[in-house]
Amino acid sequence: MRIIDTHNHIWHCNGEHFSWITEDMVTIRRDFLIKDLLTILDEQQVEGSILVQAVPSLSETEWLLETAEQTDKIKGVIGWADITQGQAVKQELQRLKAKSRALKGIRYMSQGLLADHLVTPEFIQGVRCVGEQGLVYELLITSQQLDAASQLISACPDVVFVIEHMAKPAIRSGEIKEWSEKLQQIGQRNNNVFCKLSGMTTEAGYQNWTGLEQAYQEIEPYISAVFAAFDDDQVMFGSDWPVSLLAMPYVNTLSLCQRYLNVNSAISPDKFFHTVAEKVYSLK
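Because the structure is a prediction, the values reported are computed rather than measured.

### Here we look at the packing of aromatic side chains
Thinking step 1. Applying the stated criterion across every chain, the model contains 15 aromatic pairs.
Thinking step 2. Pairing Tyr206 with Trp209 gives two aromatic rings, centres 6.5 Å apart and planes at 65°, and the pair type is edge-to-face. Grouping residues by exposure puts Tyr206 and Trp209 together as buried.
Thinking step 3. Members of the aromatic cluster, joined through ring pairs, are Trp11, Phe18, Trp20, Phe32 and Trp241.
Thinking step 4. Taking the ring centre of Phe32 as reference, the NZ or CZ of Arg30 above it sits at 3.9 Å.

As structure tokens, this is what we get:
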């Protein structure tokens with residue numbers, strides 16, 4: 001089975017942007033560099049990876065692009081640019097594209113911000129610039145921001161969107177109805193939106209898990225909700241490594257998804273693990 005992991009990070013764990021990694025997160029409170037990622041990918045026979053920005057800076061995006069040029073395993077980079085600049089962000093995007101063909105998309109770190117920022121005229125124009133440059137726009141949002149995200153998507157019909165981490169449903173507290181309904185509305189209304197089945201384990205109650213069976217039982221309804229909102233031409237695999245290590249080893253994150261596909265045989269494993277990613281990120 002060919003696998004492309006659409007959501008990986010590498011980082012130097014220092015500075016203000018890593019203050020979210022608190023002392024109790026010892027598993028990921030360290031540097032994760034390309035050699036660490038390549039080791040994991042090789043161990044699990046994962047064909048390729050999409051690197052995603054972790055720091056809101058152009059310099060980090062440039063570093064990721066330089067790293068991507070060093071190995072065929074890195075199939076693309078989702079970088080950062082200041083989308084709030086509106087039309088002025090075009091120059092930054094063009095400069096990043098000129099550095100490397102590995103640039104596949106842009107994300108702005110919207111989680112934690114007021115949802116209204118997603119629908120300001122400047123932000124909408126900035127996202128449109130991303131699409132005009134032939135890049136994907138990735139939505140790092142929470143479930144509380146889905147209404148505003150839906151408005152943004154409607155205002156940008158020519159942009160390809162990817163919802164990361166399933167829009168971070170509150171799995172730990174069992175909230176599912178409102179999130180799943182809003183996700184389904186987006187999926188039904190828009191054929192330019194895709195969804196990463198990623199980041200789910202760390203949104204769940206992993207501290208209380210006693211094994212993979214308990215993990216699967218907690219997460220399975222949310223995976224089903226994603227596939228109810230989007231068909232299998234719109235959903236792709238992302239591990240969110242190394243953040244996912246807070247909940248479980250990489251192999252277990254992979255096995256949870258594989259188990260779901262084994263149970264739900266109508267869903268195409270090829271589409272989920274590589275074909276959708278190849279389409280969205282123009283990897284072929």
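### Details of the pattern of salt bridges
Thinking step 1. In this structure the tally under the stated criterion is 15 salt bridges.
Thinking step 2. In this structure, Glu164 and Lys196 form a salt bridge, with 4.0 Å as the shortest nitrogen-oxygen distance. Remark: Lys196 occurs in strand β7 (residues 193–197) and Glu164 occurs in the loop between β6 (161–163) and α6 (177–189); sequence separation between them is 32 residues. Summarising the burial analysis for this pair, Glu164 and Lys196 share the class buried.
Thinking step 3. If you follow the salt bridges from partner to partner, you end up with Arg107, Glu138, Glu164 and Lys196 in one network.

### Quick word on the environment of Cys129
Thinking step 1. Take Cys129: it is sitting in helix α4 (residues 121–132).
Thinking step 2. Classification of Cys129 by relative accessible area gives buried; the value is 1%.
Thinking step 3. Sequence separation of Cys129 and Ser154 is 25 residues, and the distance between their C-alpha atoms is 15 Å.
Thinking step 4. Among residues more than four places away in sequence, those in contact with Cys129 are Gly86, Gln87, Val89, Lys90 and Leu93.

### Overview of the sheet that holds strand β5 (residues 136–139)
Strand-to-strand pairing in sheets goes through backbone hydrogen bonds, with the strands running parallel or antiparallel.
Thinking step 1. Reading across the sheet, the eight strands line up as β1-β2-β3-β4-β5-β6-β7-β8 and stay open at both edges, with parallel pairing between neighbours. Each edge of the sheet is formed by a strand with only one pairing partner; in this case those strands are β1 (4–8) and β8 (235–237). Ignoring which end each strand starts from, the neighbouring axes of this sheet average 25° apart.
Thinking step 2. With four bridges connecting them, strand β2 (residues 48–52) and strand β3 (residues 74–79) associate as parallel partners. Bridged to Ser49 within β3 is Ile74.

### Describing the environment of Val160
Thinking step 1. Along the chain, Val160 turns up in the loop between α5 (146–155) and β6.
Thinking step 2. The class of Val160 is partly exposed, set by a relative accessible area of 31%.
Thinking step 3. Dropping the residues within four chain positions of it, Val160 is found in contact with Val136, Tyr137, Asn192, Phe194 and Val280.

What counts, and where the lines are drawn
Residues numbered from 1 in each chain as written. Predicted model: local features only at pLDDT ≥ 70, side-chain atom pairs only at ≥ 80, totals over all residues. Heavy atoms only, no water. Phe/Tyr/Trp six-rings, centres within 6.5 Å; stacked < 30°, edge-to-face > 60°. Buried < 20%, exposed > 50% of the residue type's maximum accessible area, 1.4 Å probe, protein only. Lys NZ or Arg CZ within 6 Å of the ring centre and 35° of its normal. Salt bridge = Lys/Arg side-chain N within 4 Å of Asp/Glu carboxyl O. Helix = DSSP H or I, 4+ residues; strand = E, 2+ residues; numbered from the N terminus. Contact = heavy atoms within 4.5 Å. Pairing = 2+ DSSP bridges. Axes fitted to C-alpha atoms, helices over the stretch in contact; angles between N-to-C directions.

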